[in-house]
Amino acid sequence: MMDVGRHPRIKLFAYSEVEHISGFIGNFNVKIRKKARYVIEDECTACGDCTKDCPVVVPDEYQQGFSSRKAIYIPFPQAVPSAYILNMEECLGNNPIACGKCLEACEKKCIDYDMKDEIIEVEVGTIIVATGLDVYDPTELDEFGYRSYENVITSMEFERLICAGGPTAGHFVRPTDRKVPRTVAFIQCVGSRSGKRGNRYCSNICCMNTIKDTLLLYDHYPETKCKVFYIDIRAFGKGFEQMFMRSKEVGVEYIRGIPGEVVEDPVTRNLILTVENTTTGRVEQHEVEMVVLSVGMEQRSDFDRLQKMLTLSTTGDGFVLESHPKLKPVDSPTRGVFYAGCVESPKGITESVVQSSAAAARASIILNAGRVKIEALTARLDTSLCNYCGMCARVCPYHAITPPDRKLGIYPEIIEAACAGCGTCAAECPNDAITMRHFTDAQIMAQIDAILEEKPLEKIVAFACNWCSYAGGDNAGTSRLQYPPSIRLIRTMCSGRVDEKFVLYAFQKGAPLVLVSGCHFADCHYINAVTWTQRRVERLWNKLERLGIRPERLQLEWISAAEGQKFAKVMRELEELRKKVTPEEVQQTREILRREAEKERARKAKRVEALRSA
Amino acid sequence: MKEEKLRIGVFVCDCGLNIAGTVDCEAVAEFARTLPDVVAVVRNKYTCADPGQNEIKKAIQEHRLNRVVVASCTPKIHEPTFRQCVADAGLNPYLMEMANLREHCSWVHQGDRKAATEKAMDLVKSAVNRARLLEAQHEAEVPVTRAALVIGGGVAGIQAALDLADAGHQVYLVEREPSIGGIMAALDKIYATMDCSI
C-alpha cells in the first residue's frame with residue numbers, strides 16, 4: 001500500500017469515482033470525480049489533533065461497527081493516502097459557529113469546509129477493472145439469527161475481533177459479556193451454494209478462511225473448542241490441505257451438515273444449533289458460546305454503472321464475462337480492458353495477485369507496442385445509401401457508431417478502432433448501406449449459391465458464429481461425434497451478422513431447412529449482439545408465417561464452443577426436420593419468395609431513387 | 001481500374017488419414033479442378049507442415065495465384081498459419097480462405113465415405129465461391145496513449161498498478177474509499193501463510 005503512495009508513476013485518486021469513459025483501445029478518455037474530503041490531502045500530516053476535539057461519535061465501519069470513530073477521522077492507521085477525511089453528513093455543520101472545533105485544533109489549517117468535488121480528465125490506453133466484491137449480508141437468513149443474537153457474527157467481524165489492531169486489541173471476546181468464548185461454531189456456505197437464498201455459486205475462499213480462523217483461535221486460546229459445520233471442505237490450493245489437516249490435528253471438530261436453526265439461550269446468551277449430521281444421519285444439538293457465519297462474496301451491487309460504461313457482460317452469477325474463459329481469462333470482451341481480482345469471480349488473495357499481474361502484463365503488451373492493429377473485419381458505411389435512420393448506432397453493442405442527425409445532415413460515423421466486427425449493424429441496416437469487410441453480403445450469398453446449386457433438398461444451410469457454434473462443431477469433430485452429413489455450415493463472426501435476406505435467399509434457392517446458431521446469451525463475444533439475432537429470427541418467423549412458409553423451417557439454436565455433444569444432437573434433430581420437408585413445399589416456397597423478391601426489388605429501387613434525388 | 005483476372009489455387013489436405021481416411025481426397029481435388037477460376041490444384045499429405053506450405057508458396061509464384069483455398073482443418077487452428085504463408089509469398093492474407101474438411105466432415109461422418117466426399121466437395125465449392133469475392137484488406141493501426149487506468153485500490157488494483165508503474169507506465173489508480181487497501185486491509189491474517197494482511 002505504501003509503495004503505491006510513493007510511486008512516482010502512480011497518481012492515486014482516493015475517495016474518487018470514475019464518472020464517465022469514452023473512446024476505445026489505446027485511446028480512452030476518462031472523467032474522474034474526486035469527491036471533496038474537506039481536508040487538504042497533501043497538507044494533512046495525520047497528526048490527529050482534529051479528531052480529538054470532534055464531538056461527533058459514530059460507528060467505525062473499518063472495525064465493523066465494534067468501535068467508534070469521529071466525524072473527522074482516518075479510516076485506519078496505515079491508510080494511504082495518509083490523510084484525514086471529514087464526513088460532511090455527520091459533521092455538525094460547516095458553519096464554524098455551530099462547531100468548527102477541528103479547524104481550531106488543526107495547526108496547519110488544512111481543513112476546508114468549502115471544498116468542492118473536482119472532475120479530472122485523463123487519457124489512457126488501457127483500463128484494468130479491479131473493483132472487488134461485496135461481502136454477503138446474512139441478515140435475510142433468519143434461521144442463523146444474525147442481528148437477532150449479538151453472539152452471532154460474520155467472518156468479516158471475526159477478522160476485526162482477532163486483529164491486534166482491532167477494537168479489542170486482538171482479545172477475542174464475545175460481544176455480550178466480553179469473555180473469551182470456550183466454544184465457537186463456524187457455519188460454512190452462508191450465502192453460497194444455495195438455490196433458494198443467497199447465491200448458487202461457491203465463494204471459493206470461505207473454507208480456507210474458516211480453517212485459518214480456527215488455527216488463529218487455537219494459537220491465541222488453545223483451550224477454545226471450535227466446531228465447523230460444512231457441506232464439504234474445499235481445500236484445493238497450494239498448502240491448503242496441510243492447513244486443513246493441521247486444524248483437525250489441533251482438535252477442530254468438523255461436522256458435515258449445515259444447522260437448520262440457531263437459538264439463543266436468553267440466560268447464558270449461548271447458542272443452540274440444531275443440525276442434521278449427514279455423516280451419522282442423526283439430528284444433533286450443539287451448544288456453543290459464539291457463532292461465526294462464514295459469509296460468501298458477491299458482485300458489487302452498483303457494478304452495473306461501470307459495466308455499461310465499458311460495455312462489459314456478466315455471467316449468470318453476476319461476475320464479469322471473460323473474452324475467453326480459458327485462453328483470455330483476464331481480457332474483457334472490450335479490447336484494451338482487463339480484469340483483476342474478485343470482479344471476475346470469487347477468489348483469494350494469492351489468486352487475485354496472480355490475476356492482477358497477468359492483467360498488468362496483458363495491458364503492458366498494448367502500452368509497449370505503442371500502436372494497435374485493428375483486425376480488418378470492421379464495418380464500412382456507404383453514406384450514399386444511408387437515410388439517417390440511426391438503427392446501426394442503436395444496435396451497436398460497442399457504441400462504435402455515432403448516431404446520425406437528419407436535420408444537420410450528419411451521417412453515422414463508424415469508429416473503426418471501437419468496432420469489433422460483429423456485423424449486427426450491417427444485418428439491421430434497412431438500406432444495405434453498411435458493408436462488413438471480409439464478410440460481405442455477396443461473399444456470404446456466394447456460399448449459399450455454391451451449397452444449394454445441386455441437390456438442395458438434401459442439404460441444411462446453417463449459419464454459425466465463429467466463437468461458439470462453429471467452434472462447437474469443431475468440438476464435435478475433435479470428439480468424433482457422428483451426425484448426418486446433410487449440414488452445410490457458413491461461418492460468420494457473430495450470429496448477429498445473419499441478415500434476414502441471407503435466410504430468405506437460402507429458402508429461395510431451395511433450402512428445406514435453415515439454422516441460425518450463436519452463442520448462449522451469457523457467452524456472446526460481442527456483448528449483447530446475440531439478442532439482436534434472437535429478435536431478428538423472431539421477426540423472420542412472423543414473416544414466414546405471414547407468407548405461408550412454415551416457420552419451423554428456420555431453426556435457432558445456442559451452442560457453445562464446449563458443446564460438441566449438443567452440436568451433434570442438434571444436427572441429428574435437424575435432419576429429422578429436414579426429412580419432413582417435401583419437394584412440393586420447397587417449390588412452393590421458392591415461388592412465394594420469388595414474387596416477394598420482385599416486389600422488394602421494386603420497392604428498393606424506388607427508395608434508392610428517392611435517396612439519390614434527395 | 002481493370003479487375004485482375006481471378007487465379008485460384010486449391011490445396012487439398014489429406015491430414016495423414018484424418019481426412020483421407022474418410023474423404024476421397026483425390027476425387028475432391030479432381031472436382032476442384034472443374035470449378036471456375038481454379039488454375040491450380042495441389043494435394044498434400046500435411047499442408048500445414050513446411051513442405052505443404054512450400055507447395056502453396058511455390059504455386060502462388062508459378063501460377064500467379066491471386067486467391068488461395070486451403071481445404072484442410074478448422075480455421076480456428078490454422079487460419080493464422082496459412083494467412084502468414086500466403087503473405088510470405090506476397091499475397092494479401094485476406095485472400096486466403098479455408099474449407100473445414102476435418103472437424104466438420106471427415107471426423108464426423110466416418111462411416112460414410114460417399115456422403116463425406118460429397119460434402120467435402122460442397123465445402124470446397126463454397127470456399128472457392130467465397131474466395132472469388134474476397135478482397136485484400138489492410139489492418140488499420142492506431143496509436144496508444146501510454147498510460148493505464150486502474151479502477152479499484154484493493155489488493156488486485158494495487159498489484160496491477162504497481163506492476164504497470166514498475167514497467168515504466170503512467171498509472172492512474174482510482175479508489176472509491178478514502179484509503180486504498182479494500183477488503184484486504186480489514187483482514188487480520190491471510191491463509192495459507194498466516195501473515196499480516198497490511
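Reading the values: rules and limits
- Residues numbered from 1 in each chain as written.
- Chains lettered and ligands numbered in written order.
- Predicted model: local features only at pLDDT ≥ 70, side-chain atom pairs only at ≥ 80, totals over all residues.
- Heavy atoms only, no water.
- Helix = DSSP H or I, 4+ residues; strand = E, 2+ residues; numbered from the N terminus.
- Buried < 20%, exposed > 50% of the residue type's maximum accessible area, 1.4 Å probe, protein only.
- Contact = heavy atoms within 4.5 Å.
- Areas by Shrake-Rupley, 256 points an atom, 1.4 Å probe, with all protein chains shown as cover.
- Lys, Arg positive; Asp, Glu negative; His and termini not counted.
- Charge placed at Lys NZ, Arg CZ, Asp CG, Glu CD.
- Phe/Tyr/Trp six-rings, centres within 6.5 Å; stacked < 30°, edge-to-face > 60°.
- Lys NZ or Arg CZ within 6 Å of the ring centre and 35° of its normal.
- Buried area = accessible area lost by both parts, 1.4 Å probe.
- Salt bridge = Lys/Arg side-chain N within 4 Å of Asp/Glu carboxyl O.
- Polar contact = N/O pair within 3.5 Å; in protein donor to acceptor, adjacent residues only side chain to side chain.
- Nonpolar A, V, L, I, M, F, W, Y, C, P; charged D, E, K, R; others polar.
- Pairing = 2+ DSSP bridges.
- Axes fitted to C-alpha atoms, helices over the stretch in contact; angles between N-to-C directions.
- 1 Å grid on protein atoms, 1.4 Å probe; cavity = no way out; pocket = protein on both sides within 12 Å on 5 of 7 lines; lining within 4 Å.
- Points joined across faces, edges and corners; volume = space filled by probe spheres on them.
- pLDDT = per-residue confidence, 0-100.
- Core = buried A, V, L, I, M, F, W, Y, C linked by side-chain atoms within 4.5 Å.
- Parallel < 35°, antiparallel > 145°, perpendicular 65-115°, else oblique.
- Left-handed = near helix turned anticlockwise from the far one by under 90°.
- Domains from an automatic or database assignment.

## Looking at the overall build of chain A
Per the secondary structure count, chain A includes 16 helices and 29 strands. Across its three principal axes, chain A shows a C-alpha extent of roughly 90 × 65 × 40 Å. Expressed as a percentage of its 614 residues, the buried residues of chain A come to 56%. The long-range share in chain A, meaning contacts at least 24 apart out of those at least 6 apart in sequence, stands at 68%. In the form shown here, chain A has an accessible surface area of approximately 27,000 Å², with 51% of it arising from carbon and sulfur atoms. Both charge centroids of chain A, one from 81 positive and one from 82 negative side chains, sit 6 Å from each other.

## Re the packing of aromatic side chains
The tally for this structure, following the rule as stated, stands at 13 aromatic pairs over all chains. With 5.3 Å between their ring centres and 75° between their planes, Tyr201(A) and Phe319(A) make a pair best called edge-to-face. Of this pair, Tyr201(A) sits in the loop between strand 12 (183-190) and helix 5 (206-220) while Phe319(A) sits in the loop between helix 7 (303-309) and strand 20 (337-339), placing them 118 residues apart in sequence. In this pair, the class of Tyr201(A) matches that of Phe319(A), namely buried. Ring pairing ties together the aromatic residues Phe158(A), Phe172(A) and Phe186(A), which thus form one cluster. Sitting above the plane of the Tyr15(A) ring, Lys35(A) keeps its charged end 4.5 Å from the centroid. In this arrangement the basic side chain of Arg130(B) is found over the ring face of Phe439(A), its NZ or CZ atom lying 4.7 Å from the centre.

## Side note on the interface of chain B and chain A
Counting from both sides, the interface comprises 82 residues of chain B and, opposite them, 121 residues of chain A. For the chain B and chain A pair, buried surface summed over both sides reaches about 8,800 Å², with 60% attributable to carbon and sulfur atoms. Seen at the junction of chain B and chain A, the total is 8 salt bridges. When the shortest N-O distance is used, the salt bridge between Glu79(B) and Arg491(A) registers 3.0 Å. Where chain B packs against chain A, one counts 57 residue pairs in polar contact (both at pLDDT 80 or more). Counting residues per element, the ones that place at least two in the side of chain B that touches chain A are helix 3 (75-88), helix 4 (102-106), helix 5 (113-132), strand 5 (140-143), strand 6 (147-151), helix 6 (155-166), strand 7 (170-174) and strand 8 (189-190) of chain B. Considered class by class, the residues forming the side of chain B that touches chain A number 41 nonpolar, 20 polar and 21 charged.

## A short note on the sheet that holds strand 4 (residues 96-100) of chain B
All names here are of chain B. Strand order in this open sheet of 4 strands is 2-1-3-4, and the pairing throughout is parallel. A strand with exactly one partner marks an edge of an open sheet, and here the two such strands are strand 2 (38-44) and strand 4. Ignoring strand direction, the axes of neighbouring strands in this sheet form an average angle of 15°. Where strand 1 (residues 8-13) and strand 2 come together, 6 bridges link them in parallel fashion.

## Quick word on the sheet that holds strand 2 (residues 16-24) of chain A
Sheet strands pair by backbone hydrogen bonding; their relative direction is either parallel or antiparallel. Residue and element names in this part refer to chain A. Here 3 strands make up an open sheet; going across it, the order is 2-3-8 and the pairing antiparallel. Of all strands in the sheet, those bounded by a partner on one side alone are strand 2 and strand 8 (118-124). Neighbour-to-neighbour, the strand axes of this sheet turn through a mean angle of 20°, independent of strand direction. The sheet contact formed by strand 3 (residues 27-34) and strand 8 spans 7 bridges and is antiparallel. Residue pairing for strand 8: lysine 31 is matched across the bridge by glutamate 121.

## Comments concerning empty space enclosed by the protein
By the definition in use, this model includes 8 cavities of 30 Å³ or more. Roughly 220 Å³ of internal volume is contained in the largest cavity. Mapped by element, the contributors of at least two residues to the lining of the largest cavity are strand 27 (487-492) of chain A together with helix 3, strand 4 and helix 5 of chain B. Here the lining of the largest cavity is built from residues that sort into 9 nonpolar, 4 polar and 4 charged. Taken together, 15 residues line the second largest cavity, and the ones lying closest to its centre are Cys396(A), Cys419(A), Ala420(A), Cys422(A) and Cys425(A).

## Details of helix 12 (residues 469-478) of chain A
Each α-helix winds once per 3.6 residues, and so residues spaced three or four apart point in a common direction. Residues and elements named next belong to chain A. With 8 of 10 residues buried, helix 12 is to be regarded as a mostly interior element. What helix 12 keeps buried is the set Ser469, Tyr470, Ala471, Gly472, Gly473, Asp474, Ala476 and Gly477. Residue arginine 480 follows helix 12 closely and has a positive phi angle near 55°.

## Thoughts on the confidence of the model for chain B
Averaged over all residues, the pLDDT of chain B equals 95, while 98% of them reach at least 70. Across the interface, the model reports ipTM at 0.83; the global pTM reads 0.77.

## A look at the nonpolar core
Generally speaking, a soluble globular protein has its nonpolar side chains buried in company with each other. Core analysis: the biggest nonpolar cluster contains 99 residues, and Ile128(A), Ile448(A), Phe463(A), Val503(A), Leu554(A) and Leu164(B) have the highest contact counts within it. When neighbours within four sequence positions are excluded, Ile128(A) is seen to be in contact with Phe338(A), Ala340(A), Ala359(A), Ala360(A), Ala363(A), Leu149(B), Val150(B), Ile151(B), Ala160(B) and Leu164(B). In terms of nonpolar packing, the next biggest core, distinct from the first, is built from 48 residues, Ile19(B), Val28(B), Leu35(B) and Ile60(B) among them.

## Description of helix 13 (residues 500-508) of chain A
Residue and element names in this part refer to chain A. Burial runs high along helix 13: 7 of the 9 residues are buried. All of the buried residues along helix 13 are Glu500, Phe502, Val503, Leu504, Tyr505, Ala506 and Phe507. Where helix 13 is buried, its residues contact helix 11 (441-452), strand 26 (460-465), strand 28 (513-518), helix 14 (529-547), strand 29 (554-558) and helix 16 (583-613). Phi turns positive one or two residues past the end of helix 13, at glycine 510, with a value near 100°.

## What about the side chain of Asn66(B)?
Residue and element names in this part refer to chain B. Looking at where asparagine 66 falls in the secondary structure, it is placed in the loop between helix 2 (50-62) and strand 3 (67-72). At 2.6 Å, the side chain of asparagine 66 and the backbone oxygen of lysine 5 are in polar contact. A polar contact is formed between the side chain of asparagine 66 and the backbone nitrogen of arginine 7, at a distance of 2.7 Å. Contact partners of asparagine 66, with chain neighbours within four places excluded, come to Glu4, Lys5, Leu6, Arg7, Ile8, Leu91 and Leu95.

## Considering the pattern of salt bridges
Residue and element names in this part refer to chain A. For the structure on display, the rule yields 65 salt bridges over all chains. Close ionic contact of lysine 599 with glutamate 596 constitutes a salt bridge, the shortest N to O distance being 3.3 Å. Placement of both lysine 599 and glutamate 596 in helix 16 is noted, with a separation of 3 residues, approximately one turn of the helix. On the accessibility criterion, lysine 599 (47% relative accessible area) is partly exposed.

## A word on the packing of helix 11 of chain A against helix 5 of chain B
Contact pair helix 11 of chain A / helix 5 of chain B: the axes reach a minimum separation of 8 Å and the direction vectors enclose 150°. Looking at the two axes, helix 11 of chain A sits roughly antiparallel to helix 5 of chain B. Two packed elements cross with a definite hand, and for helix 11 of chain A against helix 5 of chain B that hand is right-handed. Only Asp122(B), Lys125(B), Ser126(B), Asn129(B) and Arg130(B) of helix 5 of chain B make contact with helix 11 of chain A, whose side of the interface consists of Gln443(A), Ala446(A), Gln447(A), Asp449(A), Ala450(A) and Ile451(A).

## Overview of the domain arrangement of chain A
All names here are of chain A. Domain annotation for chain A reports domain 1 (2-123), domain 2 (134-298), domain 3 (303-369) and domain 4 (439-599). Using C-alpha coordinates to define each centre, domain 1 is positioned 29 Å away from domain 3. With 7 residues of domain 1 in contact, the opposing surface of domain 3 contributes 8 residues. Between domain 1 and domain 3, roughly 630 Å² of surface is buried when both sides are summed, and carbon and sulfur atoms account for 68% of that area. Looking only at domain 1, the three residues that lose the most surface to domain 3 are Ile21, Ile25 and Phe28, adding up to 70% of its buried area. Inspection of the domain 1/domain 3 interface yields 1 salt bridge. Of the charged contacts in the structure, one is a salt bridge between glutamate 17 and arginine 305, with a shortest N-O distance of 3.7 Å. Counting every contact that joins domain 1 to domain 3 gives 1 residue pair in polar contact (both at pLDDT 80 or more). Among the elements that make up the side of domain 1 that touches domain 3, the one with the highest residue count is strand 2 (5 residues). Across the side of domain 1 that touches domain 3, the residue classes tally to 4 nonpolar, 1 polar and 2 charged.

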